[in-house]
Every structure is written in C-alpha cells, then in structure tokens.
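Remarks on the overall topology
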Amino acid sequence: MPALAVLTIALQIACAIHVVRTGREYYWIMLILFVPLIGCAVYIATQVLPDLRTSRGVRRTGNRLIKAIDPERELRRLKDELALSDNIDNRLALAEECRQAGRLADAEELFQSCLSGPFAEDPHILLKLAEVRFERGSAEACRQTLDRLKSANPDFQSTDGHLLYARALEKLGDHDAALDEYAALSTSYPGEEARVRYGLLLASQGRADEAREQFEQTLLRARRAPGYYRRKEKYWIDLARERLGAPSP
C-alpha cells in the first residue's frame, strides 16, 4: 500500500477518534470517511486548531518553547509596557518576571518602588518584597519586611507568609521562635513543607522523637491523600521518608 494511502487512513482514524471523544456531530465522520483529504483538512482547520489555540496546556507548552528560544523576550515586552504606561500592574508584572529570570536586585527595586501612595502598605506587595529579599539571602531584611506587613495589616492572613517568617527566623538562628512558628504551621499549612521543615529543625536541635513524629505524620497523610496531592508534595514526602529510613511505596 502506498505511503500516502497509509497516512491518509491514519489521519482519518485520528480525526474520527477526535470526533467521538470530543462529542462532535457524527456528520463529521461521514465527511472524513467519504472525502478523505479534504474532509480531514476541513475538520482540522475548523475543529481541532481552534481548540488548540484556546488550550491552556498548549499555551503553556508554547510559552515554554518561546522562553527556551528567547529567555528575555517576555522581559523586553514588559519593559516596553512599563515605558508606555507606568502603572502599578505593569510594575508588578515586570518585577515578577525579573524575579523569575533571576534578576533579584531588579525585582527588589521594582517591588520597593510599588510601595507608594495607596499601595504604601499593601500586604501582597510587601509579601513579594519579603520573598525576594529572602531569595537574595537577606533573612533580616525579609523578617523586617514581614514585621512591617503584620503591623500595617493585622488582619492579613497568608500561610506562605507565615512559613517565610519561620524560615527567616531559622536562618537568623532564632531557633526557639522558629520552632514556635513551625509548630503553629504544622497543623494549618496546606501541604507538607511546613511539617517537614519543622521536623528537620527539631532534629537539628536534638529532639529526635518529636522530629520523627512530624515525619510520620507526613507519611500518614500521604497514604490517605489522593494521588494529585502526593504528586504535588512528592519532594517533601520523599524527604520525610528518607529521614525515617522508610522504604519507597
């Protein structure tokens, strides 16, 4: 059988399967079968490609490819956007892109510049600033920023901010205070990171039995959790298992 015929049949089968799986009208199958190349071409152009353009997964893949080819493309675009319109949204977008690109000094400067006027004590911007300062290796500046956030926004709640505060205290060597923060987070944080970090700090302070209890709690929760949770928390679950010397499931 000629190669073109084989490819045509394979394309017909693929299109027909797509019709069935996506619940489209069955007249498409008749068109695909009885007018092979034209039918497939029309189906792909009118039914498949529009779906691909709106697919979040396809967009993400496309964005990753573009970033791999031209890592600073988005950075340049956001700089141009800011030059055209210097507003808080554009500044924040550029700051976050700088952060993702590893330009932490630029990101810190941009986040800091956003803290003015009605946004002078904005908790979300302060939290971003604290994160960047921690990533730059300045735990003290991070802690001070989070203290400012709490003072100006006493009702603001963020488990990520709380975890960052505990990590900053640990980095600064204030282990008792860090343990208190981790203890509070171990039952409220939506994931295993806080619990495992708590166990690691307990272990470093010679409190092996308490550390073991935290690691065991992580493995217990992992056994009871759905698959997506185990996949999301895999790094911390594996770390807890390693610290316990437990075999892989």
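What counts and what doesn't
- Each chain carries its own residue numbering, running from 1 in the written order of its sequence.
- At least 70 in pLDDT is required for a residue's local features to be given in this predicted model, at least 80 for side-chain atom pairs to be given and counted, and no such filter applies to totals for whole chains, interfaces and linings, which use all residues.
- Where side-chain values are given, they derive from all heavy atoms of the structure, hydrogens and water being excluded.
- Secondary structure elements follow DSSP: runs of H or I no shorter than four residues count as helices, runs of E no shorter than two count as strands, and numbering proceeds from the N terminus.
- Using a 1.4 Å probe on the protein chains alone, a residue whose accessible area is under 20% of its type maximum counts as buried, one over 50% counts as exposed, and one in between counts as partly exposed.
- Computed by Shrake-Rupley with a 1.4 Å probe, the accessible areas treat only the displayed protein chains as cover when residues are assessed.
- Positive charge is attributed to Lys and Arg, negative charge to Asp and Glu, and no charge count is given to His or to the chain ends.
- Every charge is mapped to an atom, namely NZ of Lys, CZ of Arg, CG of Asp or CD of Glu.
- We place a 1 Å grid over just the protein atoms. Points where a 1.4 Å probe fits but has no way out form a cavity, open points with protein on both sides within 12 Å along at least 5 of 7 lines form a pocket, and any residue with an atom within 4 Å of a point lines it.
- Grid points are joined across faces, edges and corners, and a volume is the space filled by probe spheres set on the points.
- Residue polarity follows a fixed list, in which Ala, Val, Leu, Ile, Met, Phe, Trp, Tyr, Cys and Pro are nonpolar, Asp, Glu, Lys and Arg are charged, and the others, Gly among them, are polar.
- This arc is built from the directions going out from the helix axis to the C-beta atoms.
- What counts as an axis is a line fitted to C-alpha atoms, over the stretch in contact for a helix, and the angles between N-to-C directions run from 0 to 180 degrees.
- Note that the term roughly parallel is reserved for angles under 35 degrees, roughly antiparallel for angles over 145, roughly perpendicular for angles of 65 to 115, and oblique for everything else.
- Crossings are assigned a handedness: left-handed for a near helix turned anticlockwise from the far helix by less than a right angle, right-handed for a clockwise turn.
- Contacts are assigned to residue pairs that have any heavy atoms within 4.5 Å of one another.
- In this scheme, patches are assembled from residues that exceed 30% relative accessible area and form no salt bridge. Like charges are connected within 9 Å, while nonpolar side chains (Val, Leu, Ile, Met, Phe, Trp, Tyr) are connected within 5 Å.
- Basic side-chain nitrogens of Lys or Arg form a salt bridge, by our definition, when they fall within 4 Å of a carboxyl oxygen of Asp or Glu.

A few points about the overall build of the protein chain
- Scanning the protein chain for helices and strands turns up 15 helices and 0 strands.
- The principal-axis extents of the C-alpha atoms in the protein chain amount to approximately 75 × 55 × 30 Å.
- Taking all 249 residues of the protein chain together, 35% fall into the buried category.
- Accessible surface for the protein chain amounts to roughly 15100 Å². Of this, 55% is attributable to carbon and sulfur atoms.
- Put simply, the protein chain has 36 plus and 36 minus side-chain charges, and the middle of one group is 7 Å from the middle of the other.

Here's the deal with the layout of surface pockets
- In this structure, the largest pocket spans a volume of roughly 320 Å³.
- Surrounding the largest pocket, 16 residues form its lining, Lys150, Phe156, Ser158, Gly161 and His162 being those nearest its centre.
- Going through the elements one at a time, helix 9 (139–152), helix 10 (159–171) and helix 11 (175–185) are the ones with two or more residues in the lining of the largest pocket.
- Tallying contributions element by element places helix 10 first for the lining of the largest pocket, with 4 residues.
- Of the residues belonging to the lining of the largest pocket, the class tally is 7 nonpolar, 7 polar and 2 charged.

So, helix 11
- Listed as buried for helix 11 are Ala178, Leu179, Tyr182 and Leu185. Across the axial projection of helix 11, the buried residues extend over an arc of 125 degrees, all falling on one side. With respect to the buried face of helix 11, the exposed residues turned more than 90 degrees away are Asp176 and Asp180.

Comments concerning the packing of helix 6 (residues 88–100) against helix 8 (residues 123–135)
- One way to put it is that helix 6 packs onto helix 8 with a least axis distance of 12 Å and a crossing angle of 20 degrees. The angle between the axes of helix 6 and helix 8 places the two elements in the roughly parallel class. Taken as a pair, helix 6 and helix 8 cross one another with a handedness that is left-handed. On helix 8, the residues that touch Ile88, Leu92, Glu96 and Arg99 of helix 6 are Ile125, Lys128, Glu131, Val132 and Glu135.

Section: a nonpolar patch on the surface
- A surface patch of nonpolar side chains, amounting to about 570 Å² of accessible area, comprises Met30, Leu33, Phe34, Val35, Ile38 and Val42.
- Of the residues forming the nonpolar patch, the biggest block, 3 residues, is contributed by helix 2 (residues 27–34).
- Structurally, the position occupied by phenylalanine 34 is in helix 2.

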